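Next come the chains, spelled out residue by residue.
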Amino acid sequence: MSQTTLSAFTASAPLNGIAPLPHLGIIRAAGADAASFLHNQLTNDVLLMKEGQCRLAAFCNAKGRMQASFVVYKRCAEEVLLICRKDLIAQTVKRLSMFVMRAKAKLSDASDEFQLLGLAGDAALAVSNGATTEPWQRHAAGAADVLTLYPALDQPRAFWLAPKDVAAPTGPALSADLWQVGEVMSGIAWVELATFEAFVPQMLNYESVDGVNFKKGCYPGQEIVARSQFRGTLKRRAFVVQSVEVMAAGQEVFSSLDATQPCGLVAQAANDGVKHVAVVELQLSATDNSTLHLGAADGPVLSLLPLPYALREDI
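Residues numbered from 1 in each chain as written. Predicted model: local features only at pLDDT ≥ 70, side-chain atom pairs only at ≥ 80, totals over all residues. Heavy atoms only, no water.

Enquirer: Just to check I follow, could you spell out the packing of aromatic side chains for this structure?
Expert: The geometry of an aromatic ring pair comes down to the distance between the two centres and the angle between the two planes. All chains considered together, the criterion is met by four aromatic pairs. When the centroid spacing of 6.4 Å and the interplanar angle of 35 degrees are considered together, the rings of Phe159 and Trp190 count as tilted. Here Phe159, found in strand E10 (residues 155-163), pairs with Trp190, found in the loop between helix H4 (176-186) and helix H5 (222-230); they are 31 residues apart in sequence, far enough to count as distant. For the pair shown, Phe159 and Trp190 are each scored as buried. In this structure an aromatic cluster arises from ring pairing among Phe159, Trp179 and Trp190. Geometry around Trp179 places Arg157 over its ring, the cationic atom sitting 5.2 Å from the centre. (Phe/Tyr/Trp six-rings, centres within 6.5 Å; stacked < 30°, edge-to-face > 60°. Helix = DSSP H or I, 4+ residues; strand = E, 2+ residues; numbered from the N terminus. Buried < 20%, exposed > 50% of the residue type's maximum accessible area, 1.4 Å probe, protein only. Lys NZ or Arg CZ within 6 Å of the ring centre and 35° of its normal.)

Enquirer: What am I meant to see in unusual backbone geometry here?
Expert: Of note, Leu153 is a non-glycine position whose phi angle comes to about 50 degrees, a positive value. On the secondary structure map, Leu153 appears in the loop between strand E9 (144-152) and E10. The backbone of Asp210 sits at a positive phi, close to 65 degrees, despite the residue not being glycine. Looking at where Asp210 falls in the secondary structure, it is placed in the loop between H4 and H5. By relative accessible area, Asp210 is classed as partly exposed at 44%.

Enquirer: Quick question: what am I supposed to make of the state of the cysteines here?
Expert: For the structure shown, the criterion picks out zero disulfides. The thiol sulfur of Cys76 is not disulfide-bonded, and the nearest other cysteine sulfur, from Cys54, lies at 16 Å. Among the residues examined, Cys76 registers a relative accessible area of 41% and is labelled partly exposed. Here Cys218 is not disulfide-linked; the sulfur of Cys60 is the nearest cysteine sulfur, at 13 Å. Classification of Cys218 as exposed rests on a relative accessible area of 58%. (Disulfide = S-S within 2.5 Å.)

What follows is the structure in structure tokens.
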């Protein structure tokens, strides 16, 4: 990718504080076989996950296309929680439940039983109380669980999750919109209803941020995901862009090199009323010496932004 295509990005407000997360919910898998069942369904290792860890993972169809994505962790030996886009929870619980069969596991929407908050900047550091802020770690903060995420805009980020009756942490308020700008700027996009079955994990760089384990056993779509990784160069990857117009997941992206067909798709978009950013999946050939347009060949111009640090050595 030509470095001359990159433009700078500065957030309209600091990514610091405690944010509500109305776009996310929680799936519970309960039972003696909950971890082993999910291990056989998701792209990452759930069975051998340690107590102090969480995982990024995806649930794919037989063709390796992602139907949902999660941050997942074992709350206890017989309970696994999966943070997921709320608009996918009902159908994901239904689809996963079809595979339970004789396993001792039950899946349910547990969103109303828990509080889920986003912590960024000093708020994330304060609740960590000296614990590591490296991504995909879990540690206790009283009766709550803190799950560390990839940073955004040089700020640490974490989920805070606890039962409804637990007192929430105190600190400066962060808007849900600005939190979602941080999600985009981390480079890690959620699968949502508008992008259901649109991507294999590598199209969103999931294998680069520990979202795919290529050493674990089979899961739906595993053969396709492995083949995409090991047979030939990946030709479609995720990038971060900025626009003067509001963007939305599922919008097509066009390149000035070929106005007849789209070269990519918006995976996740966010704006805080001032800045408009998105994670977009693109053909690699469209990221060099071309102009990107939103929605149509003559649509608003998209500016490529520097890749988050976790992905800079990958593309």
